[in-house]
Structures are given as structure tokens and as C-alpha cells.
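# Close look at the chain arrangement
Below are the chains, spelled out letter by letter.
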Amino acid sequence: GAGVSQSPSNKVTEKGKDVELRCDPISGHTALYWYRQRLGQGLEFLIYFQGNSAPDKSGLPSDRFSAERTGESVSTLTIQRTQQEDSAVYLCASSLGTTRFNEQFFGPGTRLTVL
Amino acid sequence: GQNIDQPTEMTATEGAIVQINCTYQTSGFNGLFWYQQHAGEAPTFLSYNVLDGLEEKGRFSSFLSRSKGYSYLLLKELQMKDSASYLCAVENDYKLSFGAGTTVTVRA
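The rules we used
- Counting restarts for each chain, with residues numbered from 1 along the sequence as it is written.
- Chains and ligands are labelled by the order in which they are written, letters from A for the one and numbers from 1 for the other.
- With the structure being a predicted model, the display of local features is reserved for residues of pLDDT at least 70 and the display and counting of side-chain atom pairs for 80 or more, all residues being used for whole-chain, interface and lining totals.
- Side-chain metrics rest on all non-hydrogen atoms present in the structure, leaving aside hydrogens and water.
- Cavity means a closed set of points on a 1 Å grid over the protein atoms alone, one where a 1.4 Å probe fits but cannot get out, pocket means an open set with protein on both sides within 12 Å along at least 5 of 7 lines, and lining means a residue has an atom within 4 Å of a point.
- Grid points are joined across faces, edges and corners, and a volume is the space filled by probe spheres set on the points.
- Helical segments are the DSSP runs of H or I of at least four residues, strand segments are the runs of E of at least two, and each set is numbered from the N terminus.
- Side-chain classes are defined by residue name, with Ala, Val, Leu, Ile, Met, Phe, Trp, Tyr, Cys and Pro counting as nonpolar, Asp, Glu, Lys and Arg as charged, and the others, Gly among them, as polar.
- Throughout, a residue-residue contact means that at least one pair of heavy atoms, one from each residue, lies within 4.5 Å.
- Two parts lose some accessible area (1.4 Å probe) when they are put together, and adding that loss for both gives the buried area.
- Any Lys or Arg side-chain nitrogen found within 4 Å of a carboxyl oxygen on Asp or Glu counts as a salt bridge.
- Exposure is judged per residue with a 1.4 Å probe applied to protein chains only, and the accessible area is read against the type maximum: over 50% gives exposed, under 20% gives buried, and values in between give partly exposed.

## Some details on the layout of surface pockets
Of the pockets and cavities examined, the largest pocket occupies roughly 600 Å³. As for the largest pocket, its lining consists of 29 residues, of which Gln-37, Leu-39 and Gly-40 of chain A together with Gln-37 and Gly-40 of chain B are closest to the centre. The set of elements that each furnish at least two residues to the lining of the largest pocket consists of strand S9 (88–95) and strand S11 (110–114) of chain A together with strand S9 (84–92) of chain B. In terms of residue count, S11 of chain A provides more of the lining of the largest pocket than any other element does, four residues in total. When grouped by side-chain class, the residues that make up the lining of the largest pocket number nine nonpolar, 17 polar and three charged.

The structure is reproduced here in C-alpha cells:
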């Protein structure tokens, strides 16, 4: 595809359930990022992939959160035992992975609501 | 640590000019991005500054002073479609650290 895609666009789940969010980056982009955006707030960095490795997981808020990337392409973010405070929009971005002018291209996000 | 500050909200009239300030204190700096985000949509790239000075791109301009840890985004000839959130982001190596965003409302 031409841009970053994410699925599902919306997810409503019950507290305690596990959820899996998917990101398809732009073809050829080696770097992939996950962010969380709570209502009315800025983007909170979660994790960064270079290829299939995650050299920076410093933003993952707890061990309930994990992510993987395969084939230097698709990434999934998994949240186990969801809590109401996990409700947010989860944005994925990809880039060429340069250290300067590393423009990140964002997907439309997954809106997660935990009841 | 990273500290990036922007005003929360600004309101302006159609056809006017608005300046959104961003101040930052970060552990590293490669460059500074401005992104635009319409409600319910993904952020999209507006501008990038790596050297001090003004970068002009049509109705939008962005300024950077590295010594002062300061940037601004200038929106000229405001249109209703410019109503959006504007995000300042500092680039440090591979990472972007975002401010909370400034919501601009354009009124007729």
C-alpha cells in the first residue's frame, strides 16, 4: 500500500481481556514506531524497531505490553489483561531510519476502548 | 529527560496569522519537526528545521533557534481547514519526542 495501515480501526474490549493491534508499514521502511495518544494529549513513545529488532522498548508502560515485528514488515502490539487506563489511540509510524530528517509517516491509528 | 512545551489552545480569525511557539529542553537534538493532526486523523508532516533560521513553505513557515531551545510555526492567511492540532517534535537520533500539541481553532 501507499501508506501505513493499521487494524482494527476501533476495538472495544472488556477489562482483563488481551488485545492485539496490527501495523503494516510503508514498504522499504526499516524503522517502525508505536505511540499511544490519550484524549487531548500528545504522542507518548512506546517502542522502536529497526528491522525486526527492538533496540528501544523504554516507553512500554508495563510488562502487560509487548510488541514484535516480522519480515522487517508487519508489527503487532499486544496488550494483556487490559485495564481501563489503556484506553487510547495507538498510532504506528514508519520511516527510512536515518538519524537526521527521519520523517515518520503515521497510520490512522487504532482506537482502543476498555470497558 | 525531555521537556517540550507548547500552548494548549489558540483561536484566530479566518485570513489572520497565528504563531505557535514551542520551547524545548532535551538531552539531544538533531532537528525539529512540526506535524499537523486533524481530529481523528493521523499526524502529517508540515516542516523540519535543523539549522537556525526561518524555513518558508507556502502559507506555513517554521523558525528555529537552537541556542534558545525555541521554535515557532507561523500560519498565514488562515483557512477554516487549518483548524487542527499542531505538534512540535524534537528529533534525537532515531527518536521523536512530542509536545502535547496546540489546538488551533479558526473562526469565520
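Still to come is the rest of the account.
## With respect to the interface of chain B and chain A
With 18 residues of chain B at the interface, the matching set in chain A holds 21 residues. Taken together, both faces of the contact between chain B and chain A bury some 1700 Å²; the carbon and sulfur share is 56%. Three residues stand out in chain B for area buried against chain A, namely Tyr-94, Lys-95 and Phe-98 of chain B, and they jointly supply 31% of the buried area on that side. Inspection of the chain B/chain A interface yields one salt bridge. The partner of Lys-95 of chain B in a salt bridge is Asp-56 of chain A, with the nearest N and O atoms 3.1 Å apart.

## A few points about the environment of Pro-55 of chain A
Residue and element names in this part refer to chain A. Mapped onto the fold, Pro-55 is located in strand S6 (residues 53–56). On the basis of relative accessible area, Pro-55 is assigned to the exposed category, the value being 56%. Counting along the chain gives 32 residues from Pro-55 to Ser-87, while the straight-line C-alpha distance between them is 26 Å. Setting aside residues no more than four positions away along its own chain, Pro-55 makes contact with Tyr-48, Phe-49 and Gln-50.

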